[in-house]
Each structure stands twice: as structure tokens, then as C-alpha cells.
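One letter stands for each residue in the lines below.
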Amino acid sequence: MTSKATREEIEARTQERGLTKLGQPPESTIRYVVAVMSGKGGVGKSSVSALLASEIARAGYQVGILDADITGPSIPRLFGLSGTPPVVGSYFLPEKSKLGVRVMSVGFFLEHQDDPVIWRGPLIGGAIKQFWTDVLWGDLDYLVVDLPPGTGDAPLTVLQLLPVDAVVMVTTPQTLALNIVKKAVTMAQLLQVSVLGFIENMAYITCPGCGKRIEPFGGERVQEASSYLGVPLIGSLPMDPRISTLGDEGRIEEYRAEFLLEVAHMLERRNGNTSNETVRGHET
Ligand SMILES: Nc1ncnc2c1ncn2[C@@H]1O[C@H](COP(=O)(O)OP(=O)(O)OP(=O)(O)O)[C@@H](O)[C@H]1O
Ligand SMILES: [Mg+2]
Ligand SMILES: [Zn+2]
């Protein structure tokens, strides 16, 4: 698909929907909203969202995750959270992870976490809107939004509806199809949401015997796409069975991926602040 066709297609869908962005949620203040996006499904968006929020929490910031994957919510499981969020006045309270990440997800409202959600577009938009306006997030430094995969109506709705400051694009070397990544980048740009950079997932394997890095898909592919599209590569995560095991056990926050904190710092810098001055509740 040429980029012109992509542009026209996305513009048409944008106009069709005629949505306007929401302002700050009532009674909460959210400084930065960062959405985690990908061209393709299954590349590790939810894992990266969870790891990003965990690193931000560990650094002493107030952070939340809005699970915008309405039909395939996976954030509660990664943090081992279940149960129904309590209602306070006219708001839902987010659930809190061990590190204090505030989480809201459709998963909390399903009878069984694996129940399929078969809602169509308008209902999905409605749920996302409610997760913004009817949740008592409190004062957050960062809200991470885990987007559904691809460039369809669901991610489009989120980027149009929520005041997203920037997206990070997750890709893996094995699923890197330049036209698909390009389409995702174009979608963000058309919606006037800047792309902070790529997070390369499953980039390499560390040999358990000697610690050597093995790059089964070649080491340069995401770097090349990054240069070609003018979008920086923020960093790479290995293919590591601990990520899937800890995720399955609801202990994803125990995995360290310190470089992800750079996402928070990039947002601060873009806003003209140096990273340390403006941090509320930051432990020094
Ligand atoms: N770096 C990694 N190493 C090993 N396993 C990983 C890694 N990243 C993700 N996984 C595993 O890959 C699977 C898909 O990950 P995840 O759910 O985060 O992807 P996703 O992009 O959010 O998927 P979807 O498009 O369905 O929302 C999970 O089982 C997860 O544990
Ligand atoms: Mg996901
Ligand atoms: Zn080895």
C-alpha cells in the first residue's frame, strides 16, 4: 500500500468518526499520556506497557495503565490483579499493583478474565471514554495506554478520543514489515500524536551457557527502519522466557527493563523540563 493511499484512507476514517479529544478527567490530573502501539498483534505491546509502567513506578512517579484493548484485555493478568474496581461516588477506583501502578481494564468487569468481548465500534469507544471520565485516577505523572493491535478502528478511536501526548511503537525484528510499521507511524502523525520512538521487542536471545547475544533475525532491521522513518530506536528487549513466565504468573513488575524509563524522560524533555526538577514524589 502506498503512503498516499494510507493517508487518504486514515483521513477518511477520521472524518467519518468526527470525534473530539477529551480534556482532563474530572477530579484527576494526568500530566503525560503515552500510548503503546504496534502495526501488528502479538509483538509484546501489553508486556511493554506493563514493564514501562513498572519502571516509572519504581522511579517514584505516580503512574497508571489504561487497558484500551477492550476486546482482548491482558493487563490485569500480567499484574495478577482480579476483582471488581470499587465505586466511589460516581467513579470507579483503579486497582493497584504491588508497585502502586493504577490499573483500569475491561478485564475487571468480565465474569471470567478470558471471556470473549464481542462489542462493536461504538461500544468500544464508549468504554474507552468511560475509562477516562469515570475513573478516579487521582494525580498521575504518567498514564500508559495499552492499545489494541494494528491500525484499525479501535486504536484510531483511542488516539482520537484521548489526549495522548505521544506513542511508542513496539515492533519485533521478525514481524518487521516496513509498510505496516509505516502505516502505524502515519496514523499517529495524521492524528497529530508524535511518535517518541520504537521499542524493539524479542530483539535477541542471551545464551544461557556463555551469556553471548544471539540475534536470530539479524541485529540491524529495526535500526534500519528507525533511520528510514526518522523515528528513534529507544531500546531493545531480549526474547526472554522470564517475561512470559512472570507475565503468566502475574508478576511482570519483577522484571527489570530500566531503559524504558527513558520514555518518561523523553516526554519531560519534550515539554521543556529537565528530568529531575519536575518530578513529584520522586525518591532521590
Ligand atoms: N521479550 C519477550 N520475551 C519472551 N516472551 C515475550 C516477550 N514479549 C512478549 N512475550 C510473550 O509474547 C506473548 C504476547 O505478548 P503481549 O501480550 O505483550 O503482546 P501484545 O502485542 O500485547 O498482543 P496483542 O496484540 O494480542 O495485544 C505473551 O505470551 C508474552 O508473554
Ligand atoms: Mg496486548
Ligand atoms: Zn553460548
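Conventions used here
- Residues numbered from 1 in each chain as written.
- Chains lettered and ligands numbered in written order.
- Predicted model: local features only at pLDDT ≥ 70, side-chain atom pairs only at ≥ 80, totals over all residues.
- Helix = DSSP H or I, 4+ residues; strand = E, 2+ residues; numbered from the N terminus.
- Buried ≥ 20, exposed ≤ 12 C-beta atoms within 10 Å, placed from the backbone.
- Near = placed C-beta within 6 Å.
- Nonpolar A, V, L, I, M, F, W, Y, C, P; charged D, E, K, R; others polar.
- pLDDT = per-residue confidence, 0-100.
- Contact = placed C-beta atoms within 7 Å.
- Core = buried A, V, L, I, M, F, W, Y, C linked by C-beta atoms within 7 Å.
- Pairing = 2+ DSSP bridges.

Novice: Please clarify how the overall build of the protein chain should be interpreted in this entry.
Specialist: Tallying secondary structure elements over the protein chain gives 9 helices and 12 strands in all. Looking at the 284 residues of the protein chain, the share that counts as buried comes to 42%.

Novice: Even after reading the chapter, I still don't get the site of ligand 1, so can you show me in this structure?
Specialist: The immediate surroundings of ligand 1 are formed by 20 residues, with Gly41, Gly44, Ser46, Ser47 and Ser244 found nearest. Its residues placed into classes, the shell around ligand 1 shows 6 nonpolar, 11 polar and 3 charged.

Novice: Can you walk me through the environment of Val103 in this structure?
Specialist: As for its position among the elements, Val103 is in strand β6 (residues 102-104). A count of 25 C-beta atoms within 10 Å places Val103 in the buried class. Counting along the chain gives 18 residues from Val103 to Pro85, while the straight-line C-alpha distance between them is 9.4 Å.

Novice: Help me understand the confidence of the model for the protein chain, please; the structure alone is not making it clear to me.
Specialist: Close inspection of predicted coordinates is inappropriate for parts of the model with low pLDDT. Averaged over every residue, the pLDDT of the protein chain is 87; residues scoring 70 or more account for 86%. Low pLDDT, under 50, characterises residues 275-284; the predicted model gives this stretch 15 contacts beyond four residues in sequence or across chains.

Novice: Looking at this model, I keep getting lost on the nonpolar core. Mind explaining?
Specialist: Nonpolar side chains in soluble globular proteins tend to end up buried together. One finds Ala35, Tyr142, Val144, Val145, Val167 and Met169 to be the most contacted residues of the largest nonpolar core, which totals 76 residues. Here Val144 is in contact with Val34, Val36, Ser49, Leu52, Ala53, Val63 and Ile65, once residues within four sequence places are set aside.

Novice: Explain the pairing of strand β2 (residues 63-67) to me, please; I cannot follow it from the model alone.
Specialist: Counting buried positions over the 5 residues of β2 gives 5, a clear majority of the element. Residues Val63, Ile65 and Asp67 of β2 are buried on one face, and the alternating residues Gly64 and Leu66, pointing to the opposite face, are buried as well. Taken together, the 5 bridges between β2 and strand β7 (residues 139-146) define a ladder with parallel strand orientation. Its bridge partner lying in β7, Asp67 is registered against Asp146. Pairing of β2 with β6 involves 3 bridges; the strand directions are parallel.

Novice: I keep staring at the sheet that holds β2 and nothing clicks. Help me out?
Specialist: Strands belonging to one sheet form pairs held by backbone hydrogen bonds; the direction of such a pair is parallel or antiparallel. If you walk across this open sheet you meet the 8 strands as β5-β6-β2-β7-β1-β8-β9-β12, and the pairing is mixed. Strands at the two margins of the open sheet, each flanked by one partner only, are β5 (95-96) and β12 (233-236).

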